[in-house]
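# A closer look at the structure
Next come the chains, spelled out residue by residue.
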Amino acid sequence: PQNTTKFSTGLDDVILEGAAVGPLVGTIFGCIISILVVCLSPWGYALTGLGAAQEQAIGIAWSEGMQWKQMIKLYKGSESTIEIDRLKGEAKILEAKVHKLDSMMSATWWECFDLWKAGRVRAHIIALQSKLDCMHDWLKGSIQAMQDEDFNDLHDKLMGKVGDKLDKLADVTGKLMFRAVKMGINGFALSKYSGADAALAQIEQRELTADMKAVAAAQKELAESFAAAREEVFGANTLTSDSLGEHFFVFALATYGQIATEYAEYILSDKRAEPQGILKSCYNGVKDTFAFNSLNFIMRTSIGFFGAWVIGYFGMPGGIMAAYSSTAAGTTAYLMAAEGKGGSAIMKNVARFQGTGGGTIIGQLLFTTMMTCAWWGSIIGFVVVVIYEFFAFYLYFSSQSFGYVGLLLAAYGAEHMIMGCSSQDTPGGVYNTIVDQTMAILCVTAGDLIIGNRSSGHLAAEALFTMTNILEGAMRDLFGIGSHDVNTPRNKRHCALIDRIADHGAAVVHSAHKIDIQSKHMQAESIGSEAPLEPRFYRMPFKQGLWDSLLKCGGHIGVNLCCIEYAITDAEARHARDKSGKHVAVDAMISTPTLGKIADDTMARWEKVFSLAETLMLHETNDKLTNLSMSCKQLLGCPMEKLDPSLPAIVEEISQALSSSISTDSILADGVSLASVLVMMMSGIIDKINIMEEVCFKDPDINLEDLSCE
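Described below are features of the structure shown in this document. (Residues numbered from 1 in each chain as written. Predicted model: local features only at pLDDT ≥ 70, side-chain atom pairs only at ≥ 80, totals over all residues. Heavy atoms only, no water.)

A grouping of W375, W376, I379, F382, V383, V386, I387, F390, F391 and Y394 is seen on the molecular surface, where their side chains present a nonpolar patch of about 1200 Å² in accessible area. Summarising the element assignment, I379 is placed in helix 13 (residues 377–398). (Patch = residues over 30% accessible without salt bridge, like charges linked within 9 Å, V, L, I, M, F, W, Y side chains within 5 Å. Areas by Shrake-Rupley, 256 points an atom, 1.4 Å probe, with all protein chains shown as cover. Salt bridge = Lys/Arg side-chain N within 4 Å of Asp/Glu carboxyl O. Helix = DSSP H or I, 4+ residues; strand = E, 2+ residues; numbered from the N terminus.)

Spelled out as C-alpha cells, the structure:
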C-alpha cells in the first residue's frame, strides 16, 4: 500500500531501476570493473592470485637457501650467539610466507580453470607447497639443534673437517631449488614446446640436470667426509652422546638436498596431477550449495531473518520504521555468524553499526558542505570522494581490527556523496538507514542468544585434542607400542610405518600425517582466536594462557613427530631405490631396552597430561573439579625426567643394535644419523609434554594444597 517501489513483471518487461534488477545490474557492473582494474596492470602483468603466488614461491626458494647458508655459518662457529635466536625469528617469518602462499593459491583455480600454461604453473606450485612444509619442519628442527648445541672442542674439530662440505651442499642445493622453482612458476613442460621454445627448454633441462648431479656429488662427498671425520673425532663410527646434534644437523641438510632433487625430478618428468575440469568443479559447487548446514545454524539464522522480516512487514510505531520495509531482513544475510564464530560476529555487528552510521553521516556532511552546482563543484566533489575513499580503503587494508569498518565507510560514504548536485539527503533518510542496520543487528543477536552458537572454546579444544589423538596414534605406530590395552614386548617391536611404505609407497606415506596434523592445528588456532571474543554470560573467562601454551607445545610435538616420519620414509625410499633388499634399522632402535622403556613411560604420561589438559580447558564454571585427584597425584608422585640422564644407555644400546656398515652415498641412508633424529626428536617431545604438565598444574582449578591433604 502506497509503495512506489518498481518491480519487473517478467523477462519481457525488465525495469532497470526495479527493486531486484537494479541492485543486480549494479553488482554485475561492479564485478566487471573490479576484474578490469586487476587485469589492466601498468606493470605489464595481471595482478592475480596466481601471479602473486609465483613471486612468493620464488622468494621462498631463495630465502630458504640463504637461511641454510647462515645457519651453517653460525653452526661452524665456536660458540652459541644471539644470532641463532635471530635465525629462529627469521624462520617464523619464512613460515608466515609459506602460509601466505597457501592463501594465495586457495582461489587460483578460478583464474585458469587448470588449463594451458597457467594450469601447469598452478600444478607446479601445488607440488612445491608440500615440499615447502617438509623443508620448513627440518629447518625449525635444525635451529632447535643449534640452540641445544654446547659448541665444545669435539664440535669444533668435526666442523673443521666437514664445514666446507656443508657449505658446498647448501650452495648447490640452493641453486638447484631456485632453478627448479623458477622453471616451475614458468610452467615448464618439455612436451608442450616447439621450435625455438623447445630449444630453450632443452637448455634449461640440461642446466637443471647438471645441478641435480652436482647435488648428488655433494651428498656423496659429505657422507664420506662425515663418516671419516666422525670416526677420527669421536673415536668410533657409531652414535655418541656428544655427536647427536651434529648428526641431526647434517641429516637435515642432506634432507634439504633430497627435497630439492625430488622437486627437480618432478619438473623434468613432464607429469602433473590430473587437472580438475570445469564440469567436475561445477558439479562439486552445486553439491556444496545444496549441502545442509547444522540444525543449530539453521535455527539461529531463521530467527534472525524472520524476526527482522516480521518487524519490517508491520513497521514500528512513531514513524521509526515504515511498514513493508525489507531492508532489515535483507541485511541479516550479511550478519549470520558461522558455527563457532559467535565472538567475532558480535564484534563485526558492532563494526557494521559504526561503518554504516559513520559512513552515512560523514558522506552527508561532505556532500552538503563541499559540493555545489557551480562549474567547479564537480572538480571539488571528485577530489573529496577520492581522498575520502583513499583513507577508507587504507583503513580497510591496513587494520585487522577495523578493516570491516573501513569497507563500510567507503561504501556508505560514497552512496551519500555521489548524487546530483541538487539532491538533498533528508535527516529522516539518514536516520532510517541507521535504524534498519540496528534492527538487523538486534534480530541476529537475538537468534544467537535464544539458540546459542556453539562455544568457540569447546570447538577449539575439540580440534586441538583431535590433533593430539592423531599424534598419539602416530607415536604408537612409530615406536611399535600398540594400542592402549595391548602391551607389545619391548624386544619385538616393529615400526608400522615400514609396512605402510611397503603397501602404499613412500610418496603417499611421507606427508600423510603432516596434512592431518597441520589442518587440525590451523583449525584450532583459528577457532581459538574467537574464544576470548565470545560472550560468556554465565561461564568463566577463556583460559588464554593455558590455551596458548597447549597450542604451542602441540605444534612443536607435531613438528618433531613429522621429522621422525620424514627421516624413516626418506631412508626407506632410498633403500627401495637402490634395490638392495635392506630396510631401515628402526626396528632395532625401538626394540632396545632403555629407549623402549622411555617410549612406554612417555605414552603413559602422554595420556594423563593430555586428559588433564582437556578437562581443564572444558571446565568453565566455579564448580570444584573433584575427579582429578587420582591423575594429579600420579603425575606428581612420579615426575618425568628429561631424556638426558638416560642418554648414555640409549646411545650405547642403539650403537650395539646397528650394523657396522656405513653408507657413503648419502647421509639419509646412514642408520647412525637416523638414530640421532629419532633420539633428538623424542627428547623434544618429552620436554614439551613436561611443559604442558607444568602449565596445567599452574591452572587455578588445581589446588596443590588440597591434593597434599587428601
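Now, onward.
Looking now at the side chain of Q67. Mapped onto the fold, Q67 is located in helix 2 (residues 49–75). Aside from chain neighbours lying at most four places away, what touches Q67 is L87, E90, A91, L139 and I143. (Contact = heavy atoms within 4.5 Å.)

Our next topic: the environment of Q54. Looking at where Q54 falls in the secondary structure, it is placed in helix 2. Residue classification places Q54 among the partly exposed positions, given a relative accessible area of 22%. Sequence separation between Q54 and R122 is 68 residues; the distance between their C-alpha atoms is 8.9 Å. Excluding residues within four positions of it along the chain, Q54 makes contact with V121, I125 and I185. From its side chain, Q54 meets the backbone oxygen of I185 in a polar contact 2.4 Å long. (Buried < 20%, exposed > 50% of the residue type's maximum accessible area, 1.4 Å probe, protein only. Polar contact = N/O pair within 3.5 Å; in protein donor to acceptor, adjacent residues only side chain to side chain.)

Oppositely charged side chains may form a pair once their charged atoms are brought near each other. Taken as a whole and judged by the stated rule, the model has 23 salt bridges. Across the pair R476 and E607 runs a salt bridge whose closest N-O atoms are separated by 2.5 Å. One end of the pair, R476, is in helix 16 (residues 456–479); the other, E607, is in helix 22 (residues 593–618), and 131 residues separate them in sequence. Residue classification places R476 among the buried residues on the basis of a relative accessible area of 9%. Bridged by salt links that share partners, the residues K69, D171 and K175 form one connected network.

Here we take up the packing of aromatic side chains. Enumeration over the complete set of coordinates arrives at 21 aromatic pairs. Taking 5.7 Å as the distance between ring centres and 45° as the angle between the ring planes, the aromatic pair formed by W138 and F248 counts as tilted. In this pair, W138 is assigned in helix 5 (residues 116–148) and F248 in helix 8 (residues 244–269), connecting sequence segments 110 residues apart. Residue W138 shares its accessibility class with F248, and that shared class is buried. (Phe/Tyr/Trp six-rings, centres within 6.5 Å; stacked < 30°, edge-to-face > 60°.)

Quick look at the environment of D587 now. Along the polypeptide, D587 turns up in helix 21 (residues 586–590). By relative accessible area, which is 24% here, D587 ends up partly exposed. Not counting residues within four places of it along the chain, the set of residues in contact with D587 comprises R493, H494 and C495.

Next up on the list: the nonpolar core. In terms of nonpolar packing, the biggest core is built from 156 residues, with W138, M177, V181, Y263, F479, I568 and W606 touching the most fellow members. If one sorts the elements of this core by residue count, helix 25 (residues 671–697) sits on top with 16 residues. M177 has contacts with A61, L128, M135, Y256, A260 and Y263, leaving out every residue within four places of it along the chain. Of all hydrophobic cores here, the second largest spans eleven residues; its members include M371, V384, A392 and A410. (Core = buried A, V, L, I, M, F, W, Y, C linked by side-chain atoms within 4.5 Å.)

Turning our eyes to something else, we now look at helix 8. Between the first and last C-alpha of helix 8 there are 37 Å, a value that for 26 residues agrees with the 38 Å anticipated at 1.5 Å per step. Summarising burial for helix 8: 22 of the 26 residues are buried, a large majority. (Expected span 1.5 Å × (residues − 1).)

Below, the discussion takes up unusual backbone geometry. Backbone geometry places F113, a non-glycine residue, at a positive phi of 55°. On the secondary structure map, F113 appears in the loop between helix 4 (109–112) and helix 5. Under the relative-accessibility criterion, F113 is labelled partly exposed at 31%. A positive phi angle is found at F151, which is not glycine, with a value near 50°. By relative accessible area, F151 is classed as buried at 7%.

Let us now look at helix 24 (residues 647–657). Every buried residue belonging to helix 24 is among L647, I650, V651, E653, I654 and S655, and all of these are buried. Each element contacted by the buried residues of helix 24 is listed here: helix 8, helix 21, helix 22 and helix 25.

Further remarks concern the environment of Y313. As for its position among the elements, Y313 is in helix 10 (residues 295–314). Overall, the relative accessible area of 37% leaves Y313 in the partly exposed class. Residues Y313 and A329, spaced 16 residues apart in sequence, show a C-alpha to C-alpha distance of 9.6 Å. Sequence-distant contacts of Y313, defined by excluding residues within four places in its chain, comprise A323, Y324 and S325.

Now for the side chain of D133. With respect to the helices and strands, the residue D133 is situated in helix 5. Here D133 sits buried without a salt bridge, and the closest side chain of opposite charge, K514, lies 5.8 Å off (N-O distance). Not counting residues up to four positions away in its chain, the partners in contact with D133 are V98, K514 and Q518. (Lys, Arg positive; Asp, Glu negative; His and termini not counted.)

Between helix 5 and helix 8, the shortest axis-to-axis distance is 9 Å and the interhelical angle comes to 175°. Taken together, the axis directions place helix 5 and helix 8 in an arrangement best described as roughly antiparallel. For the pair helix 5 and helix 8, contact is made by A123, H124, A127, L128, K131, C134, M135, W138, G141, S142, A145 and M146 and by F248, F249, F251, A252, T255, Y256, I259, E262, Y263, Y266 and I267, respectively. Broken down by class, the residue content of the contact of helix 5 with helix 8 amounts to 17 nonpolar, four polar and two charged. (Axes fitted to C-alpha atoms, helices over the stretch in contact; angles between N-to-C directions. Parallel < 35°, antiparallel > 145°, perpendicular 65-115°, else oblique. Nonpolar A, V, L, I, M, F, W, Y, C, P; charged D, E, K, R; others polar.)

Going through the model one piece at a time under the given rule, you end up with zero disulfides. Summary of cysteine pairing: C553 is not part of a disulfide, and the nearest cysteine sulfur, belonging to C696, is at 9.4 Å. Accessibility expressed as a relative area gives 5% for C553, which makes it buried. (Disulfide = S-S within 2.5 Å.)

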